[in-house]
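# Close look at the chain arrangement
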Amino acid sequence: MHSKNYKKAIVFALCLTMLVPLGSMAVSYAEEDTAPAAEESASEDTADEGGSSKDEDLAEPITDEEAVAMCEKLAENDNLILYGDKDNNRLCLYVKSSGRHWWTSPINVMADNTIVDIEKNDTMKAALRKQLTSNCAIKVADLRQEKRTESAAPVYSNKASCVWKEGNNGVVITYKYKAEGVNVKIHYELCEDNLYVYMDSSEVEEANISTVDGKILTKVQLAPYFGAMPATDIDGNPVEGYMIIPDGSGAVIKYNNGKGNYPDYTQQVYGRDYTAVPLNAPKVTEQAYMPVVATVNGKDGLVAVASDGDANVYAKAQVSGQNKQAYNCCYFEFETRSSDTYFMSGDTSNKLNVFEKDEIKTERFGVRYYAVEGKNGEDVNYADCAEVYRDYLIKNKGLTAGDVSGTDLYLDMFGGVVKRTSIVGLPFNLKTEITGFDQAGEIVQQLKDKGVGTFQVNYNDWTNDTMKNKISTKVKPSGTLGGKSDFNDFLATDNVTVYPSLNNFTFKKSSAGYWTLTATAIRISNAYSRQSSYSLSFGVAKKGVSPALLSPSKYSQAMEQMIDSYSDKGINNIGFGMFSSRLVGDYTRRDTYVRNKTMGVLVDEYSKAKDKIGSVIGDEANAYILPYVSTVTNVPVSSSGYVITDMDIPFYQMVVHGYVPYATTAINKSSDTDETFMLSLAAGSQIHYDFTYVDPDILQDTDYNDLYYTNYKGWLDAAANQYKAANDVLSGVADYTISKYEVSEDGNEITTTYSKDGAKDVVIVINKADATAKVDGTVIDLGNCIEGGLDQ
């Protein structure tokens, strides 16, 4: 009996001995093969499972003054003081005029008792609290063939070791991410009116950037929690305030808006990189044209401007409750290396990620933080933040006030297009007149007869090459539209400023100097960048050969040929189409153009056009070309409507009003023309329409399919009436800046205050419900400008 029991015990022990190594081996293998981001994610998940920080474990809250007492003074000037707390790895920007402290990470995150998980009645997890103490975060790409992935979540500096080195104007902190093999140096430099936080690419250390088994830095967040505001203050009272994001015209996110269950806000500034071609149709959203965000709490605010590396930056924001955290914050995430995807053997289920090769090609990534205070003891208004960014453009980018006198009617006209037709039973592609030069003049004259005084006309597709989808850089008016004589007559029309624009963003056919094999932008995946069109029903790319994306390496050649040709012909107005609002790269190994390099080329060429031609139109306009354009059209009056936002504001218009004339997006393109018109008046925007001459059925099955709404005949009265109303309402404030913008609780009444040195403020109130405008107390009826009133 004992023998049998003994044998059983031996067998059991042997089995147990065999099982333990197997388990250990499995664990070791899993850990060895897991990317650092996954390890950290797992550890945070474990912390999640462990429950929240209980009230008895929380630290005691401290005041700003008590937190400053833990710091040493790093730099000081007449306006600001920079403090540093090495033990807690945080910095403080102190504003002398207001006495406000702005911290790079929340000082009471370890004491915060906000319930962020209502179902479990939980406060923030310990791991998340530590994350919120971070001043920096990175993402890395694992280039091993079996991986080829980017960190699923940012790796925050609370997981890095920090080395401080003080300087004359601040401090340089080196964050050493051992597991990722990446070290970054972040400079915190106190300037006259801002704190400048930046990272130089030359100072980034990467242990191994081999495309076979390396890890590379792909994204970096500089001070992501700078100015983060808690849900409640130290006394437990709700904190009130808002954040401004640059989506479309601009949008506001209120603190603690109860939208914690929705995704946070993230959007690439200056639009997506069109070089990478999505497999499915991208979401239709407005674009972010300005690299600026702001957070405002009562009489104080902090405006953040991405001043370096803004060609590759995402604006981001989150509110208390999102991601199980208790703070409201907005910040930037820079992309140091771009990425793309490709599919093996055309198999869409076998997706591979590829990343930009070699060293980081953008020299610096930086953010400037400006403190802003409310005027006359009032709370900070949206326009106060816009003024900060406008002053930045004036001081750092050369923005000056242009000719902003008067009110014009803006028109986009479309000359000609190739249409497939049948002649004696044989198919032909024929150049077809849509709005000829004399027809454009006829439309203008009919509008003049209805009371329109002056015009700004952006005239598109007026050469044979543009109709054929070739690169077009010469002033050669198409005979199909009337030829040279009619073209010159239209340009000379009284009170009409015509911009003959040539859009060379894409092309379908080769021409001298612009061959599809050599002039097409190359994707990171080494494929040609062909701009797909997508099925409206299913959102998948249509079959066939898509237009080629012109390489940025050809921009200087194309734009300077245009400038020379216009100058030779004595034409004083020019437009470059989508170049004003689209920013792309070319990732060929021969001569790589990252978006930052492309942006530099565009700035140089727009500057040359301004100097040599005189007047340049921006069809939409990213911030970097604003100093060089004479006017901007297609400026949106709304945002994309992300669920996290609470209201739209004309932040873009607040920045440029009084400096660069602008017009709204085409009113007849809008699904709600009345709303668009009212909002355009409230934003100080001039009126804009898209017009074609021919009947809409002629546009069918052409590249003008989407211009079905543009036939001028049905819009003449509306355009003329709205122009006259805009003239009555806005002509007196054309050279004023917007100094205040207010919206009533029900959203029906919008009050815009305009200011100018040496002049009395002008207050304009737009009442959408009554269809009236009030200019310094004088009521203007807008009833003949809208179609039956607005539904409320």
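Residues numbered from 1 in each chain as written. Predicted model: local features only at pLDDT ≥ 70, side-chain atom pairs only at ≥ 80, totals over all residues. Heavy atoms only, no water.

## Considerations on helix 8 (residues 483–491)
The following threshold applies: Only protein chains enter the accessibility calculation, which uses a 1.4 Å probe; a residue is then buried when its area is under 20% of its type maximum, exposed when over 50%, and partly exposed in between. Secondary structure elements follow DSSP: runs of H or I no shorter than four residues count as helices, runs of E no shorter than two count as strands, and numbering proceeds from the N terminus. What the arc measures is the spread of directions leading from the helix axis to the C-beta atoms. In this description, contact between two residues means that some pair of their heavy atoms is separated by no more than 4.5 Å.
Residues of helix 8 that are buried: Gly483, Phe487 and Phe490. All buried residues of helix 8 lie within an arc of 65° about the axis, which places them on one face of the element. Tucked into the core, helix 8 has its buried residues touching strand 25 (409–414), helix 6 (437–449), strand 28 (455–460) and strand 29 (496–500).

## Quick look at a nonpolar patch on the surface
Here is the rule we go by: Nonpolar side chains (Val, Leu, Ile, Met, Phe, Trp, Tyr) within 5 Å and like charges within 9 Å form the patches, drawn only from residues with over 30% relative accessible area and no salt bridge. Per-residue and other accessible areas were derived by the Shrake-Rupley procedure at a 1.4 Å probe size, with only the shown protein chains allowed to occlude residues. Note on definitions: salt bridges are taken to be side-chain nitrogens of Lys or Arg within 4 Å of carboxyl oxygens of Asp or Glu.
On the surface, Ile423, Leu426, Phe428 and Leu430 cluster together into a nonpolar patch covering about 330 Å² of accessible area. Considering each element in turn, the nonpolar patch owes the most residues, three residues, to strand 27 (residues 426–433). For leucine 430, the position within the fold is in strand 27. Here leucine 430 falls in the partly exposed class, since its relative accessible area comes to 34%.

## Some thoughts on helix 11 (residues 595–612)
Rule in force here: The span you would expect from a helix comes to 1.5 Å times its residue count less one.
Here helix 11 is 18 residues long and its end C-alpha atoms lie 26 Å apart, about the 26 Å a rise of 1.5 Å per residue gives. Residues of helix 11 that are buried include every one of Arg595, Thr598, Met599, Val601, Leu602, Val603, Glu605, Tyr606 and Ala609, and no others. Taken from the residues just after helix 11, glycine 614 is the one with a positive phi, measuring 120°.

## Considerations on the nonpolar core
Filter applied, for reference: Only buried Ala, Val, Leu, Ile, Met, Phe, Trp, Tyr and Cys residues count toward a nonpolar core, and they belong to the same one when joined by side-chain atoms within 4.5 Å.
Ranked by size, the top nonpolar core spans 188 residues in total, and within it Val184, Met290, Leu447, Phe576, Tyr606, Leu626 and Phe691 carry the most contacts. Other than its neighbours up to four places away in sequence, methionine 290 contacts Pro246, Val269, Tyr389, Ala623, Leu626, Tyr652, Val655 and Val656. Among the nonpolar cores identified, the runner-up in size contains 13 residues, and Met124, Leu128, Ala137 and Tyr331 belong to it.

## Points about the packing of aromatic side chains
The cut-off we apply is this: Stacked, edge-to-face and tilted labels apply to pairs of Phe, Tyr and Trp rings (six-membered ring for Trp) whose centres lie within 6.5 Å, assigned for plane angles under 30 degrees, over 60, and everything in between, in that order. Counting as a charge over the ring demands two things of the Lys NZ or Arg CZ atom: a distance within 6 Å of the ring centre and an angle within 35 degrees of the ring normal.
Summed over all chains, the structure comprises 23 aromatic pairs. Measuring from centroid to centroid gives 4.4 Å for phenylalanine 226 and tyrosine 369, while their planes differ by 50°, and the two rings are tilted. On the criterion of sequence distance, the pair formed by phenylalanine 226 in the loop between strand 13 (215–222) and strand 14 (229–230) and tyrosine 369 in strand 24 (residues 364–373) is long-range, its members being 143 residues apart. Classification of tyrosine 369 by relative accessible area gives buried; the value is 4%. Judged by centre distance (5.8 Å) and plane angle (40°), the rings of tyrosine 689 and phenylalanine 691 are tilted. The same class applies to tyrosine 689 and to phenylalanine 691, which are both buried. A connected cluster of aromatic rings, assembled from ring pairs, spans Phe437, Tyr459, Trp462, Phe487, Phe490 and Tyr566. The aromatic ring of tyrosine 274 is capped on one face by arginine 272, whose charged end is 4.0 Å from the ring centroid. For the cation-ring pair, arginine 368 lies above tyrosine 196, with the distance from its terminal atom to the ring centre recorded as 3.8 Å.

## Description of the sheet that holds strand 29
Hydrogen bonds between backbone groups are what pair the strands of a sheet, and the pairing can be parallel or antiparallel. Definition in use: Pairing between strands requires that DSSP locate at least two bridges from one strand to the other. Angles shown run from 0 to 180 degrees and are taken between the N-to-C directions of axes, each axis being a line fitted to C-alpha atoms and, for helices, limited to the stretch in contact.
If you walk across this open sheet you meet the four strands as 29-28-25-37, and the pairing is parallel. Taken across any chain shown, the strands that pair with only one partner, and hence form the sheet edges, are strand 29 and strand 37 (688–691). Direction aside, neighbouring strands of the sheet carry axes that sit 20° apart on average. The strands touched by helix 8 within the sheet are strand 25, strand 28 and strand 29, with strand 29 carrying the most contacts at an inclination of about 135°.

## So, the sheet that holds strand 38 (residues 737–743)
Strand order across the open sheet formed by five strands is 38-39-40-41-42, with antiparallel pairing between neighbours. Where the open sheet ends on each side, the last strands, each with one partner, are strand 38 and strand 42 (778–781). Direction aside, neighbouring strands of the sheet carry axes that sit 20° apart on average. Taken together, the four bridges between strand 40 (residues 762–767) and strand 41 (residues 772–775) define a ladder with antiparallel strand orientation. Each bridged residue has a counterpart across the sheet, and for asparagine 767 the counterpart in strand 41 is threonine 772.

## With respect to the state of the cysteines
For clarity, the cut-off: Disulfides are defined as cysteine sulfur pairs within 2.5 Å.
Under the counting rule described, the total for this entry stands at zero disulfides. With no disulfide of its own, cysteine 92 has cysteine 71 as its nearest cysteine by sulfur position, at a separation of 6.3 Å. Take cysteine 92: its relative accessible area is 0%, and that puts it in the buried class. Between cysteine 330, a free cysteine, and cysteine 329, which holds the nearest cysteine sulfur, the sulfur-to-sulfur gap is 7.2 Å. Here cysteine 330 falls in the buried class, since its relative accessible area comes to 9%.

## Some points on the packing of helix 6 against helix 8
As a reminder, the rule being used: We call two directions roughly parallel when the angle between them is under 35 degrees, roughly antiparallel when it is over 145, roughly perpendicular when it lies between 65 and 115, and oblique otherwise. For any helix crossing, the convention is left-handed if the near helix is rotated counterclockwise from the far helix by under a right angle, and right-handed if that rotation is clockwise. Each residue gets one label: Ala, Val, Leu, Ile, Met, Phe, Trp, Tyr, Cys and Pro are nonpolar, Asp, Glu, Lys and Arg are charged, and the others, such as Gly, are polar.
Put simply, helix 6 and helix 8 touch, their axes get as near as 8 Å, and they point 25° apart. By the criterion of interaxial angle, the relationship of helix 6 to helix 8 is roughly parallel. Judged by the sense of rotation from one axis to the other, the crossing of helix 6 with helix 8 is left-handed. Here Phe437, Ala440, Gly441 and Val444 of helix 6 come into contact with helix 8, specifically with Gly483, Asp486, Phe487 and Phe490. Considering only residue class, the contact of helix 6 with helix 8 consists of five nonpolar, two polar and one charged.

## Description of the packing of helix 10 (residues 555–568) against helix 11
Each pair of packed helices can be summarised by the angle the axes make with each other and by the distance between the axes. Relative to each other, helix 10 and helix 11 sit at 5°, their axes nearing to 10 Å. As the angle between them shows, helix 10 and helix 11 are arranged roughly parallel. From helix 10, Tyr555, Ser556, Met559, Glu560, Ile563, Asp564 and Ser567 reach across to helix 11, where they touch Thr598, Val601, Leu602, Glu605, Tyr606, Lys608, Ala609 and Lys612. Taken together, the residues that form the contact of helix 10 with helix 11 break down as seven nonpolar, three polar and five charged.

## A short note on the pairing of strand 3 (residues 90–95)
Both faces of the sheet carry side chains from a regular strand, because those side chains alternate between them. Of all six residues in strand 3, five are buried; the element is thus mostly enclosed. Counting the residues in the hairpin turn of strand 2 (residues 80–85) and strand 3 gives four residues, including asparagine 89, whose phi is positive at 50°. As judged from the four bridges shared by strand 3 and strand 4 (residues 100–103), these two strands associate in the antiparallel manner. If you follow cysteine 92 over to strand 4, its bridge partner there is tryptophan 103. From the end of strand 3 to the start of strand 4, which pair antiparallel, there are four residues, and glycine 99 there has a positive phi angle of about 75°.

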